[in-house]
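One letter stands for each residue in the lines below.
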Number of protein chains: 2
Amino acid sequence: MAEVYQASTTAPVNIAVVKYWGKRDPKLNLPTNSSVSVTLSQVDLRTHTTAACSSSFSEDTLLLNSSPQDVSGARTQACFRELRSLRAALESSNPSLPKLSSLPLRIVSENNFPTAAGLASSAAGFAALVRAIANLYELPSSPTDLSCIARQGSGSACRSLFGGYVAWQMGSKVDGSDSVAVELAPASHWPTMRALILVVSAEKKGVSSTSGMQITVGTSELFQRRAEVVVPKHMELMTKAIQERDFETFGKVTMMESNSFHATCLDTFPPIFYLNDVSRAAIRVVEDINRKAGKIVAAYTFDAGPNAVIYFEEQNSGLVAGLFKSALGSLDGWQGRDIEVQEATDVDARAVEVLKGGVSRVILTSVGEGPIRTEESLIAANGESLKK
Amino acid sequence: MAEVYQASTTAPVNIAVVKYWGKRDPKLNLPTNSSVSVTLSQVDLRTHTTAACSSSFSEDTLLLNSSPQDVSGARTQACFRELRSLRAALESSNPSLPKLSSLPLRIVSENNFPTAAGLASSAAGFAALVRAIANLYELPSSPTDLSCIARQGSGSACRSLFGGYVAWQMGSKVDGSDSVAVELAPASHWPTMRALILVVSAEKKGVSSTSGMQITVGTSELFQRRAEVVVPKHMELMTKAIQERDFETFGKVTMMESNSFHATCLDTFPPIFYLNDVSRAAIRVVEDINRKAGKIVAAYTFDAGPNAVIYFEEQNSGLVAGLFKSALGSLDGWQGRDIEVQEATDVDARAVEVLKGGVSRVILTSVGEGPIRTEESLIAANGESLKK
């Protein structure tokens, strides 16, 4: 039987606090502006991926949550091509290495979170795919090198190659070689960062981010201002806030960034709406929490959907998560979390009612590490997927 | 008994298609950008005001819909002061005129539309107040002259001194003397313009436009771009579209303007939301109507609240109003209007359901005339209000 080579990794989800929206080069996924994200703990949200190759495989395949995926798309093909090319260079320089670059790939991937939740899983997915193949090929590439490849799979995936606090530098080169992710600070630099995700039941999937962002670039009359003036200012403030663990600035910029991004979506023609009345209620409750605290202790952010991600520091768990728990304590997601319920006084009662009616579950998590190599494999020694 | 002098007028509501949002001088109500509106028919929406003065009155008073109003505010006082000053100048040059400028004023005002509907009634209100006092004082001032006074009462009131299609030129002078309204075209130039207003039951009154717009000016990072670049472009396009009765351009600019204005509200910190899920459903249905028609036959616009105003041309009444009637036909507002119901095929069914649940009444109206002098008085010859 032909030998089966394999390697496995897990990779995290990241949630941007300075948003990526708009490509200057749609083929290479080169963005119109830089962005910053917080990597979330893999205990709660991660993709687990095993990459294998063998001459016994007939073609490249990808199984995600037991469903075969199309690998013929330009984005997946770009990742395969770039990684094979790096492996082929290693093989040329060291003829004793097995010729893995020419073997068909079998990728098996599993998420540990509900796929229907509308959480940006493509970032974790492409980061895990690239990292797993790089492990399989024993590439000496750095996470930043690999981020340039993962970016071509899904823009925001480049940020999931690091833990902690991560910047995606937009770069300026035409070939995209300087459009890469770098670590701003490891998770250990500011380990008290927490995130409460309110999973909102959307009536239906809105415009996909891939098509939506290019309609914004093409039609919004405010977008250019955001990309050229607003985001560079936010990048500077956010980078400094993270360095100094300054939550007030971190929180204010996070909220303004989310609003600015959704403002350019609304300024798109036809307009794109990701926030609904439940999202607005979450914003209102965060505002009331901050008003009660007399400072910014909670910060909302929304991606291309109605789910709220609320950042806060551990020492304010009661003030923030505890208050949401008083309204949403009966939902899945609080189990095993030591969060003391805080009465929702001085908080808009109607907004609380809207949350009760519109949030389907919560996820309480924290800042976490980047991809972690694992010996736990999703592919058997004979090459068969262990997940059916 | 002392003589009671009096004069009456009616004044219309106007709904902007290029929006006023932001003051460069809050005291004089000088805007950060020019704007354009359509004056709506007074058959459906008007303020009726009688202004009287007499030595038998003890002080300036204002009765609106039978409720005494505070007249000590700077805005009302500015209108009284400017109008009295013009009257005083007349009296100086012609000593035979009665000295009305020194007499206390009694103003009685009535709206013919539900005040709870959240329709911008201050525009019609201040236009009627200024026009009625100008009639009482027999001022030779033109509507543009008077617009400069009404603007100090409520910015958008200056546009209600004209019928048809009206521009408020922002002006550049520090004293505001060139920040005035002018007629772009009379109603007769494009008489087929119709407006369907969907009155949406809001959970509560949002941020007032007076305070909201200044928070936008102070905090939105996109606002300046809108005022300096986006609106001037829209003003040019809109003026030409009205001159040429080009509904497609009129409609596209109207929708983009509304979106741009609400985008800067969302970009305000903290964000201001006037659109709710019902407003979004109205947008969706308008998009579907236009898609079905293969061109822009309907255009939505929203002011500082969730109510939708949908402009269309009479020849498309069936396609536009008829389709909304199929969903909302049981509500008040359709009586006496010859609108053929159009089946809501190829229209988002969920959006139609949201409209059914969230719209409380409709108002179907058309472009109309400016203030009309009337002999119908709300004040008796003895100076008593005829409305209790």
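Note that this is a predicted model, so its numbers are computed, not measured. (Residues numbered from 1 in each chain as written. Chains lettered and ligands numbered in written order. Predicted model: local features only at pLDDT ≥ 70, side-chain atom pairs only at ≥ 80, totals over all residues. Heavy atoms only, no water.)

**Q** It is not clear to me how the pairing of strand β15 (residues 359-366) of chain A should be interpreted in this structure. Could you clarify?
**A** In summary, the side chains of a regular strand alternate between the two faces of the sheet. All names here are of chain A. Across the eight residues of β15, six count as buried, placing the element largely inside the fold. Looking at chain direction, strand β12 (residues 193-200) and β15 are connected through seven bridges and run antiparallel. Considered in β15, the bridge of Val-200 is made with Val-359. (Buried < 20%, exposed > 50% of the residue type's maximum accessible area, 1.4 Å probe, protein only. Helix = DSSP H or I, 4+ residues; strand = E, 2+ residues; numbered from the N terminus. Pairing = 2+ DSSP bridges.)

**Q** For this particular structure, what's the right way to read the domain arrangement of chain A?
**A** When the parts come together, some accessible area is lost, and that loss is often what is quoted as the size of the interface. Residues and elements named next belong to chain A. Segmenting chain A into domains produces domain 1 (4-187) and domain 2 (193-366). Using C-alpha coordinates to define each centre, domain 1 is positioned 27 Å away from domain 2. Summed over the three residues of domain 1 that lose the most area to domain 2, namely Val-17, Lys-19 and Trp-21, the buried surface amounts to 31% of that side. At the junction of domain 1 and domain 2, the tally comes to two salt bridges. Across the pair Asp-303 and Lys-19 runs a salt bridge whose closest N-O atoms are separated by 2.5 Å. Seen at the junction of domain 1 and domain 2, the total is 10 residue pairs in polar contact (both at pLDDT 80 or more). For the side of domain 1 that touches domain 2, the elements supplying multiple residues, two or more each, are β2 (14-18), β5 (35-39), β10 (165-168) and β11 (181-185). Of the residues contributing to the side of domain 1 that touches domain 2, the split by class is 18 nonpolar, eight polar and three charged. (Domains from an automatic or database assignment. Buried area = accessible area lost by both parts, 1.4 Å probe. Salt bridge = Lys/Arg side-chain N within 4 Å of Asp/Glu carboxyl O. Polar contact = N/O pair within 3.5 Å; in protein donor to acceptor, adjacent residues only side chain to side chain. Nonpolar A, V, L, I, M, F, W, Y, C, P; charged D, E, K, R; others polar.)

**Q** Teacher, can you tell me more about empty space enclosed by the protein here?
**A** With a probe scaled to a water molecule rolled over the atoms, the places where space remains empty come into view. Inspection of every chain in the model, using the stated rule, returns three cavities of 30 Å³ or more. Empty space within the largest cavity amounts to approximately 210 Å³. As for the largest cavity, its lining consists of 19 residues, and the residues nearest its centre are Leu-266 and Phe-273 of chain A together with Leu-266, Phe-273 and Leu-275 of chain B. Of the residues in the lining of the largest cavity, the class split is 12 nonpolar, three polar and four charged. Its volume calculated, the second largest cavity comes out at about 40 Å³. When contributions to the lining of the second largest cavity are tallied by element, the ones reaching two or more residues are α7 (277-293) and α8 (318-328) of chain B. Among the elements that take part in the lining of the second largest cavity, α7 of chain B stands out by supplying three residues, more than any other. Residue composition of the lining of the second largest cavity, grouped by class: five nonpolar, one polar and one charged. (1 Å grid on protein atoms, 1.4 Å probe; cavity = no way out; pocket = protein on both sides within 12 Å on 5 of 7 lines; lining within 4 Å. Points joined across faces, edges and corners; volume = space filled by probe spheres on them.)

**Q** Is there a simple way to think about unusual backbone geometry in this case?
**A** Note: most residues except glycine have negative phi, and most peptide bonds are trans. Cis rather than trans, the peptide bond between Phe-269 of chain A and Pro-270 of chain A has omega equal to -5°. Mapped onto the elements of the fold, Pro-270 of chain A is located in the loop between α6 (247-266) and α7 (277-293). Here Asp-346 of chain A, not a glycine, exhibits a phi torsion of approximately 55°, which is positive. Of note, Asp-346 of chain A is situated in the loop between α8 (318-328) and α9 (349-358). In the Ramachandran plot, Arg-245 of chain B falls in the positive-phi region, its phi being about 50° despite a non-glycine side chain.

**Q** Whenever I open this one, the environment of Ser-141 of chain B confuses me. Can you help?
**A** All names here are of chain B. Looking at where Ser-141 falls in the secondary structure, it is placed in the loop between α2 (121-136) and α3 (143-153). Judged by relative accessible area, Ser-141 falls into the buried class, the value being 15%. Sequence-wise, Ser-141 and Ser-154 are 13 residues apart; in three dimensions their C-alpha atoms are separated by 19 Å. Setting aside anything within four residues of it in sequence, one finds Ser-141 in contact with Leu-86 and Leu-146. (Contact = heavy atoms within 4.5 Å.)

**Q** When you look at the side chain of His-262 of chain A in this model, what are you seeing that I'm missing?
**A** With respect to the helices and strands, His-262 of chain A occurs in helix α6. If we skip the residues at most four places from it in the chain, His-262 of chain A touches Tyr-274, Leu-275, Phe-302 and Asp-303 of chain A together with Leu-266 of chain B.

**Q** Teacher, can you tell me more about the pattern of salt bridges here?
**A** Side-chain pairs of opposite charge can arise whenever the charged atoms involved come near each other. Residue and element names in this part refer to chain A. Scanning the entire structure with this criterion turns up 26 salt bridges over all chains. A salt bridge links Asp-288 to Arg-284; its shortest N-O distance comes to 3.5 Å. Here Asp-288 pairs with Arg-284, and both are found in helix α7, just four residues apart, close to one helical turn. When its relative accessible area of 29% is taken as the criterion, Arg-284 is described as partly exposed. Connected through shared salt-bridge partners, Arg-284, Asp-288, Arg-291 and Asp-348 make up one network.

**Q** Would you mind showing me how to read the interface of chain B and chain A here?
**A** Tallying the contact residues gives 36 residues for chain B and 36 residues for chain A. Carbon and sulfur atoms make up 61% of the surface buried where chain B meets chain A, a total of about 3200 Å² over both sides. Summed over the shared surface of chain B and chain A, the number is two salt bridges. Across the pair Lys-233 of chain A and Glu-221 of chain B runs a salt bridge, and its minimum N-O distance is 2.8 Å. Where chain B packs against chain A, one counts nine residue pairs in polar contact (both at pLDDT 80 or more). Within the residue set of the side of chain B that touches chain A, elements represented by two or more residues are α5 (223-243), α6 (247-266) and α7 of chain B. In terms of residue count, α6 of chain B provides more of the side of chain B that touches chain A than any other element does, nine residues in total. Its residues assigned to classes, the side of chain B that touches chain A shows 13 nonpolar, nine polar and 14 charged.

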